[in-house]
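So the chains spell out like this:
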Amino acid sequence: MRRHKVDIAAVVELGIGNGRVEAINNKIKVTIRMDYGFRNTDNLIGVLILRCSDSRPTLPGRAEESTKKKAA
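From a predicted model like this one, the values you see are computed outputs, not experimental measurements. (Residues numbered from 1 in each chain as written. Predicted model: local features only at pLDDT ≥ 70, side-chain atom pairs only at ≥ 80, totals over all residues. Heavy atoms only, no water.)

## Re the overall build of the chain
Selection rule: Put simply, DSSP H or I for four residues or longer makes a helix, DSSP E for two residues or longer makes a strand, and each gets a number counted from the N terminus. Three exposure classes are used, based on accessible area relative to the maximum for each residue type with a 1.4 Å probe and protein chains only: buried under 20%, partly exposed in between, and exposed over 50%. Surface exposure here means Shrake-Rupley accessible area, sampled with a 1.4 Å probe, where a residue is shielded only by the protein chains that are shown.
Secondary structure assignment for the chain yields 4 helices and 0 strands. In the chain, the order of α-helices and β-strands from amino to carboxyl end is α-α-α-α. Sorting the 72 residues of the chain into buried and exposed places 4% on the buried side. A total of about 7,000 Å² of accessible surface is found on the chain, and carbon and sulfur atoms cover 57% of it.

## Topic: the confidence of the model for the chain
The test is simple: Scored between 0 and 100, pLDDT is the confidence that the predictor attaches to each residue.
For the chain, the mean per-residue pLDDT works out to 80, and 89% of the residues sit at or above 70. No element of the chain has a lower mean pLDDT than helix α4 (residues 65-71), at 56, and none a higher one than helix α2 (residues 19-33), at 87.

## With respect to the packing of α2 against helix α3 (residues 41-52)
Applicable threshold: Think of each axis as a best-fit line through the C-alpha atoms, taken over the contacting stretch in the case of a helix, with angles from 0 to 180 degrees between the N-to-C directions. Two helices that cross are described as forming a left-handed crossing if the nearer one is turned anticlockwise from the farther one by less than a right angle, and a right-handed crossing if clockwise. Contact criterion: two residues are considered in contact whenever any of their non-hydrogen atoms come within 4.5 Å of each other. Residue type decides the class: Asp, Glu, Lys and Arg count as charged, Ala, Val, Leu, Ile, Met, Phe, Trp, Tyr, Cys and Pro as nonpolar, and the leftover types, Gly among them, as polar.
Orientation of α2 relative to α3, taken along the N-to-C sense of each, is 145°, at an axis distance of 10 Å. Here the hand of the crossing between α2 and α3 comes out right-handed. Contact residues: α2 offers Ile24, Lys27, Ile28, Val30, Thr31 and Ile32, while α3 offers Leu44, Val47, Leu48, Arg51 and Cys52. Considered class by class, the residues forming the contact of α2 with α3 number 8 nonpolar, 1 polar and 2 charged.

## Some remarks on α3
The test is simple: Multiplying one less than the number of residues by 1.5 Å gives the expected span of a helix. In protein, a polar contact requires one atom able to donate a hydrogen and another able to accept it; more generally it is a pair of N or O atoms within 3.5 Å, and residues adjacent in sequence count only if both atoms are side-chain atoms.
Relative to the 16 Å expected for 12 residues at 1.5 Å per residue, α3 spans 16 Å between its end C-alpha atoms, a close match to the ideal helical length. Where α3 begins, one side-chain oxygen reaches toward the backbone nitrogen of Asp42, 3.1 Å away; that side chain belongs to Asn40.

## Points about a nonpolar patch on the surface
Note the following rule: Here, patches come from residues exposed beyond 30% relative accessible area and free of salt bridges, joined within 9 Å for like charges and within 5 Å for nonpolar side chains (Val, Leu, Ile, Met, Phe, Trp, Tyr). Each reported salt bridge corresponds to a side-chain nitrogen of Lys or Arg within 4 Å of a carboxyl oxygen of Asp or Glu.
Among the surface-exposed residues, Met1, Ile8 and Val12 lie close enough to one another that they form a single nonpolar patch of about 370 Å² accessible area. Within the secondary structure layout, Val12 lies in helix α1 (residues 5-14). On the basis of relative accessibility, which here comes to 66%, the residue Val12 falls in the exposed class.

What follows is the structure, given as structure tokens:
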């Protein structure tokens, strides 16, 4: 613990950890296990982007979220 005293103090002070990184890593591993149905890696990368980011593309034939919220 003496060797890592500065690092431990920084984690406590900043309130950060590696939980988010581990969660995203787990999502990636699960998605790769599901990879058997994908024909190429581009499709896998696309699914990873959708699952692991806040990207929400507008689907064809559907109104955008901002339009729906204003109308409601």
